[in-house]
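# Coordinates in review
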Amino acid sequence: MHNIWLIIGGVLSGFAALMHIAIIFGGPDWYRFFGAGEQMAVAAGRGAWYPAVVTFGIAMGLAICAAYAFAGAGLLPKLPLMRSALVAISGVYLLRGLALFPVLMLKPDLATPFILWSSLIVLVYGAFYAIGTWRAWPMLSNPV
């Protein structure tokens, strides 16, 4: 039976990767709407390469996360360092999501709607990856 937690985590990461690609094509208004900041939006509007390269890099990182989730769920062949990668991915998502709380306590003026929503979203991503990794742990220890 496949690991539904990692499947959902992979779908979420895959969707986020596709959204980042869409932002590149959507242009400055999309950079603004999705919270990339005014500097990125202005640079994209000027045709600078930096916003597209950074956004594409994030998309590729998210796609790799999705691939590891699908491999951990048994939908793809095992990838190198499965346990380490899934623990790291879970940790990054969870830490990014939990970073909201110190911001709220120490610098509440920095807690924009984008920070609030994105933190909650990645916290959910991290929960799916962490639970899925924990449930797949025995399978992940088998050699490739």
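Above this text sits the structure in question.
What you see is a predicted model, and the numbers here were worked out from it, not measured in a lab.

What counts and how
Residues numbered from 1 in each chain as written. Predicted model: local features only at pLDDT ≥ 70, side-chain atom pairs only at ≥ 80, totals over all residues. Heavy atoms only, no water. Helix = DSSP H or I, 4+ residues; strand = E, 2+ residues; numbered from the N terminus. Contact = heavy atoms within 4.5 Å. Areas by Shrake-Rupley, 256 points an atom, 1.4 Å probe, with all protein chains shown as cover. Core = buried A, V, L, I, M, F, W, Y, C linked by side-chain atoms within 4.5 Å. Buried < 20%, exposed > 50% of the residue type's maximum accessible area, 1.4 Å probe, protein only. Axes fitted to C-alpha atoms, helices over the stretch in contact; angles between N-to-C directions. Parallel < 35°, antiparallel > 145°, perpendicular 65-115°, else oblique. Left-handed = near helix turned anticlockwise from the far one by under 90°. Nonpolar A, V, L, I, M, F, W, Y, C, P; charged D, E, K, R; others polar. Phe/Tyr/Trp six-rings, centres within 6.5 Å; stacked < 30°, edge-to-face > 60°. Patch = residues over 30% accessible without salt bridge, like charges linked within 9 Å, V, L, I, M, F, W, Y side chains within 5 Å. Salt bridge = Lys/Arg side-chain N within 4 Å of Asp/Glu carboxyl O.

Attention shifts here to the overall build of the protein. A count of helical and extended segments in the protein gives seven helices and zero strands. Listing the helices and strands of the protein from first to last along the sequence gives α-α-α-α-α-α-α. Counting only C-alpha atoms, the protein reaches 50 × 35 × 20 Å along its principal axes. Long-range contacts, defined as pairs at least 24 residues apart, comprise 65% of the intrachain contacts of the protein with a sequence gap of at least 6. Put simply, the protein shows about 8,600 Å² of open surface, and 77% of that area lies on carbon and sulfur atoms.

The next thing to look at is the nonpolar core. Ranked by internal contacts, the top residues of the largest apolar core, which has 20 residues, are Leu6, Tyr68, Met82, Leu86, Ile89, Tyr93 and Tyr129. Of all the secondary structure elements, the ones that give two or more residues to this core are helix 1 (4-26), helix 4 (49-72), helix 5 (82-98) and helix 7 (113-140). Not counting residues within four places of it along the chain, the set of residues in contact with Ile89 comprises Cys65, Tyr68 and Tyr129.

Further remarks concern unusual backbone geometry. A positive phi is found at Leu81, a non-glycine position, where the angle reads about 55 degrees. Mapping Leu81 onto the fold places it in the loop between helix 4 and helix 5. Residue classification places Leu81 among the exposed residues on the basis of a relative accessible area of 65%.

This part covers the packing of helix 5 against helix 7. Each pair of packed helices gets described by two things: the angle between the helix axes and the distance between those axes. Running from N to C, helix 5 and helix 7 point in directions that differ by 155 degrees, and their axes come no closer than 7 Å. Classed by the angle they form, the pair helix 5 and helix 7 counts as roughly antiparallel. The two elements helix 5 and helix 7 meet at a crossing, and its hand is left-handed. Residue-level contacts link Met82, Arg83, Leu86, Val87, Ile89, Ser90, Tyr93, Leu94, Arg96, Gly97 and Leu98 of helix 5 to Ser118, Ser119, Val122, Leu123, Tyr125, Gly126, Ala127, Tyr129, Ala130, Thr133, Trp137 and Leu140 of helix 7. For the contact of helix 5 with helix 7, the class distribution of residues is 15 nonpolar, six polar and two charged.

The next subject is the packing of aromatic side chains. Under the counting rule described, the total for this entry stands at six aromatic pairs. With a centroid separation of 6.0 Å and an interplanar angle of 45 degrees, the aromatic rings of Trp30 and Phe34 are classed as tilted. By relative accessible area, which is 31% here, Phe34 ends up partly exposed. Here the aromatic rings of Tyr93 and Tyr129 are separated by 5.4 Å at their centres, their planes lie at 45 degrees, and the arrangement is tilted. Of this pair, Tyr93 sits in helix 5 while Tyr129 sits in helix 7; the two residues are 36 residues apart in sequence, bridging distant segments of the chain. We note that Tyr93, like Tyr129, is buried.

Position of Trp134 among the secondary structure elements: in helix 7. The class for Trp134 is exposed, based on a relative accessible area of 66%. Residues Trp134 and Val87, 47 residues apart in the sequence, show an inter-C-alpha distance of 8.9 Å.

A surface patch of nonpolar side chains, amounting to about 640 Å² of accessible area, comprises Leu98, Phe101, Leu104, Leu116, Trp117, Leu120 and Ile121. Secondary structure elements with two or more residues in the nonpolar patch: helix 6 (100-106) and helix 7. At four residues, helix 7 tops the list of elements feeding residues into the nonpolar patch.

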